[in-house]
Amino acid sequence: MNYEVIPFLSMNGEAADAIVFYEKTLGAKVLFRKSYKEMQQMNPNFTYPPGQNEYITHSVLEIGANKIMIAEEAMDAERPWDLGNSASLCIQSRDQGQIDQLYEALVKHEGVRVLVPYEQNEFSPRYGIVRDPFGVVIQLCVTVHDF
C-alpha cells in the first residue's frame, strides 16, 4: 500500500496563527499554504465574509518525519465546530534530547497549558501532555519502542 493518513486540524479562524506557532515551537516546515484570497484568485466563485482574506483554506506542514494539514473549516458541516477532547497529536522519538527541546519550546509560550507534567512514568523515560493556544492537545513521549 502506498498512501498516507494525515491528521487534519480545523482551526476555526486561527489557522494562520497556528501555523506560525508550530513553525516556531515544533520546527514545522510549510509545504503548502493557500489563503482565502488566493483561492478566490484561482476560482472567482469562491466567496467568503469580509475580513477573512488571510484565512487558510488549506495547508500542509511537515513536522519531524510526518505531516499535518491545517485549515479553518470544520469537516463535518452537520455539527457545530468543536475541537473536542477526542484526538491529540503525539510526538515521539527515542531521542530524549529532541523531545526535551520540543517540550521546552512549547511550554515557553504563555498560551500553552501543561495537562500532564513532563516526567518519567511506567512506559516512558519522559512523557507529558500540553494543550496549545489553539486547543490542540499534544503528547510528548520519549519512546522505548521501535515502531
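Higher on the page you've got the structure.
Every value quoted in this text rests on a predicted model; they were computed, and no experiment measured them.

A short note on the side chain of Gln139
- Here Gln139 shows up in strand E8 (residues 137-142).
- At a separation of 2.8 Å, a polar atom in the side chain of Gln139 contacts the side chain of Ser88.
- Engagement of the side chain of Gln139 in a polar contact is seen with the side chain of Tyr127, the distance being 2.6 Å.
- Apart from the residues lying within four places of it in its own chain, the contact partners of Gln139 are Ser88, Leu89, Cys90, Ile91, Tyr127, Gly128 and Ile129.

Remarks on the nonpolar core
- Counting 28 residues, the largest nonpolar core has Leu9, Met11, Tyr22, Ile68, Ile70, Ile138 and Leu140 as its most contacted members.
- At the level of elements, helix H1 (15-26), strand E3 (56-63), strand E4 (66-71), strand E5 (89-93), helix H3 (96-107) and E8 are the ones that each hand at least two residues to this core.
- With 6 residues, H1 is the largest single contributor of residues to this core.
- Beyond its immediate sequence surroundings of up to four residues, Ile138 is in contact with Tyr22, Leu89, Ile91, Leu106, Gly128, Ile129, Val130 and Asp132.

Overview of the sheet that holds strand E2 (residues 29-35)
- Across the sheet, 4 strands lie side by side as E1-E4-E3-E2; this open sheet has mixed pairing. Each end of this open sheet is capped by a strand with a single partner; those strands are strand E1 (8-10) and E2. Direction aside, the axes of adjacent strands within the sheet are offset by 15 degrees on average.
- Inspection of the sheet shows E2 paired to E3 by 6 bridges, in the antiparallel sense. From the neighbouring strand, Lys29 faces E3, where its bridge partner is Glu62.

Cut-offs and rules
Residues numbered from 1 in each chain as written. Predicted model: local features only at pLDDT ≥ 70, side-chain atom pairs only at ≥ 80, totals over all residues. Heavy atoms only, no water. Helix = DSSP H or I, 4+ residues; strand = E, 2+ residues; numbered from the N terminus. Polar contact = N/O pair within 3.5 Å; in protein donor to acceptor, adjacent residues only side chain to side chain. Contact = heavy atoms within 4.5 Å. Core = buried A, V, L, I, M, F, W, Y, C linked by side-chain atoms within 4.5 Å. Buried < 20%, exposed > 50% of the residue type's maximum accessible area, 1.4 Å probe, protein only. Pairing = 2+ DSSP bridges. Axes fitted to C-alpha atoms, helices over the stretch in contact; angles between N-to-C directions.

What is shown is where atoms sit, not what they do.
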